[in-house]
Every structure is written in C-alpha cells, then in structure tokens.
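Listed here are the chains, written in short residue letters.
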Amino acid sequence: MVKLNSYKVLLVDDEEDILEFLSYNLKQHNFQVFTADSGEEALKIAQEIIPHIILLDIMMPGIDGIETCEKLRAMQIMDNTIIAFLTARGEDYSQIAGFEAGGDDYISKPVRAKVLISKIKAMLKRFEKNDSIAIDTVEKDRIIHAGNIIIDQDRYIVTINSKETEFPKKEFELLLLLISKPDKVFTREQIFSSVWGHDVIVSDRTIDVHIRKLREKIGDERIKTIKGVGYKFVD
C-alpha cells in the first residue's frame, strides 16, 4: 500500500498564482508536489518522476492540456498515472475532448482547497488496492480470451484479430468490466462505481464517450446498448 505522504502530484498551469495556491494546499496534506508552467515542461518532469496524479490545465500556450495529455498517455510508464484536468471551461465539447485524450476526471476552477483535497484522495484510492482493477470480480487468469479478443491484464494490451492495441486505462478497465461477464447488463451506475469509483464525480457523457471509443476498436456489434439500463458485452 502506498502511504499518503509518498504520493507524487504534478501540477501543470501557466498561471503562477494557481500553482502557488495548489502547491501550498497539497503540501499541507503531505503530498510531494512538482510544478510545471507548460505542457513541454510537464512532459519532461513526468518522465523523470512518474507521478501518481497530474493536475493539468487545458488552456495553455504552446502545447495545450489536451495535446499534453495525449502525449502522456502515449508513454507506457504513465499507464497508472491519473490525469485530472483543471479548467474553468464547462462546455461538453472540452470535457469530451479531455476524456478522449485519456483524462480521468475534471476539477473546475476556481478551485476550493477542501474540494481539491477530497477529490484527489478519492482518485488516489486505486493505489491502495494492491494495483487491482476496481471491478467486482477477481480474475485468476491474467489473460482473458473472448472470441477474437485477448486481454492481457498485466500489460494493459488488448489483442484483436491477432493485432495488439494499447488501451487508455479507463477504456481498458471498462472493457475488462464488461467482458468479465458476457451478456450481463451493467447499469450506468454499476459502471461508474466500478470504473470511476463512488467518490469521483464525472460528466454524464463520460460513459458514452468511452463506449464509443471501445466500439471503434473492437466493433459495434460486441457492445450492445440496453436502452434505459446500460450496456453488455456480446461474446
């Protein structure tokens, strides 16, 4: 189990006062805090320290938050890093772009200290689960076969028709949840709870975005929508 005071948090924002405010409050709760004022600097620091969580501003000059997130998600060493966007923008399209880039959550500006700490602690709970995936079944076999799909849980790789594909963490966990019980209908509430956790607040569009991305990769016919209920994997 990772102790709270060993958690590494990378703050990325081009506004110095925001970095100072966030740093101060996180250090008060014994987090290890690192800062970057640009996407370029964030990429360098992230590779050096491999943070547990990155708080990433969307609107930055040069490489913006979305592109920075995409570059981070392309690094295998960042597979277990949580990325939460810091943004004052509440439009659906910016949230969708963030989730598609591999983001895990949003924290709205202006940031309130107590809310910030509470959300970070909730997101970091996954590191206290012995690196297990938050689903309500424990697979004894770390390699799962489902027709033309093979899931390697240790490498976060999905093989489809003999072609290996790396999946972003949330897409991988969502697929693993659905495929763990073929033909079982998982409600939206069960999916949120299993993949994002009880304490993490995300947009209603989050599941829809991730389901769409899964269908693009494994085929529309493999995930069926049960209107008004949820989704199921068709074996």
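That block above? That's the structure.
Residues numbered from 1 in each chain as written. Predicted model: local features only at pLDDT ≥ 70, side-chain atom pairs only at ≥ 80, totals over all residues. Heavy atoms only, no water.

Peer 1: Please explain the sheet that holds strand E11 (residues 223-226) as it appears in this structure.
Peer 2: Two pairing modes exist for strands in a sheet, parallel and antiparallel, and in both the strands are linked by backbone hydrogen bonds. On the basis of which strands lie adjacent, the open sheet formed by three strands has the order E10-E12-E11 and antiparallel pairing. The sheet terminates laterally at strand E10 (186-187) and E11, the two strands that pair on one side only. Note: E11 against strand E12 (residues 230-233), four bridges, orientation antiparallel. Across the sheet, residue Ile223 finds its bridge partner in E12, namely Phe233. Seen against the sheet, helix H8 (residues 205-218) touches E11 and E12 and runs at an angle of roughly 145° to E11. (Pairing = 2+ DSSP bridges. Helix = DSSP H or I, 4+ residues; strand = E, 2+ residues; numbered from the N terminus. Contact = heavy atoms within 4.5 Å. Axes fitted to C-alpha atoms, helices over the stretch in contact; angles between N-to-C directions.)

Peer 1: Just to check I follow, could you spell out the packing of aromatic side chains for this structure?
Peer 2: The description of an aromatic ring pair rests on the distance of the ring centres and on the angle between the ring planes. Throughout the structure, instances matching the rule amount to four aromatic pairs. An aromatic cluster is present here, built from Phe85, Phe99 and Tyr106 joined pairwise through their rings. Residue placement shows Lys184 over the ring face of Phe186; its charged tip is 5.2 Å from the ring centre. The ring of Phe167 has Lys217 sitting right over it, with the charged end atom 4.6 Å from the ring centre. (Phe/Tyr/Trp six-rings, centres within 6.5 Å; stacked < 30°, edge-to-face > 60°. Lys NZ or Arg CZ within 6 Å of the ring centre and 35° of its normal.)

Peer 1: How should I be thinking about unusual backbone geometry in this particular structure?
Peer 2: Leaving glycine out, the prevailing phi sign among residues is negative, and the prevailing peptide bond configuration is trans. Between Lys109 and the following residue, Pro110, the backbone shows a cis peptide bond with an omega angle of -5°. Among the structural elements, Pro110 can be located in the loop between strand E5 (105-108) and helix H5 (113-123). In the Ramachandran plot, Asp183 falls in the positive-phi region, its phi being about 75° despite a non-glycine side chain. Relative to the elements of secondary structure, Asp183 occurs in the loop between helix H6 (169-180) and E10.

Peer 1: I tried to follow helix H7 (residues 188-196) on my own but got confused; where do I start?
Peer 2: Residues that lie three or four places apart on an α-helix share one face, since the helix turns once every 3.6 residues. For H7, the full list of buried residues reads Ile191, Phe192, Ser194, Val195 and Trp196. Buried residues along H7 sit in contact with H6, E10, H8 and E12. Two residues or fewer after H7 comes Gly197, characterised by a positive phi angle close to 90°. (Buried < 20%, exposed > 50% of the residue type's maximum accessible area, 1.4 Å probe, protein only.)

Peer 1: How should I be thinking about the pairing of strand E1 (residues 8-12) in this particular structure?
Peer 2: Regular strands have side chains that alternate between both faces of the sheet. Taken across its five residues, E1 has four buried, putting it largely inside the fold. Where E1 lies against strand E2 (residues 32-36), five bridges are found, and the strand directions are parallel. For Val9, the partnering residue across the bridge sits in E2 and is Val33. Taking the sense of rotation as the criterion, the β-α-β connection linking E1, helix H1 (residues 16-28) and E2 turns out right-handed. Sheet analysis places E1 next to strand E3 (residues 53-57), joined by four bridges and oriented parallel. Pairing of Val12 across the sheet is with Leu56, part of E3. (Right-handed = clockwise from strand over helix to strand, strands pointing away.)

Peer 1: Hey, could you run me through the environment of Gln153 in this one?
Peer 2: Within the secondary structure, Gln153 is located in the loop between strand E7 (149-152) and strand E8 (157-160). Here Gln153 falls in the buried class, since its relative accessible area comes to 5%. Separated by 19 residues in sequence, Gln153 and Phe172 place their C-alpha atoms 8.8 Å apart.

Peer 1: Just checking my understanding: could you explain the nonpolar core for this structure?
Peer 2: For soluble globular proteins, nonpolar side chains are generally found buried alongside one another. Ranked by size, the top nonpolar core spans 27 residues in total, and within it Ile151, Val158, Phe167, Leu178, Ile179, Ile191 and Ile218 carry the most contacts. Looking at this core, the elements with two or more residues in it are strand E6 (143-146), E7, E8, H6, H7, H8 and E12. The leading source of residues in this core is H6, at seven residues. If you look at the next biggest cluster of nonpolar residues, it comprises 25 residues, including Leu10, Ile54, Leu56 and Met60. (Core = buried A, V, L, I, M, F, W, Y, C linked by side-chain atoms within 4.5 Å.)

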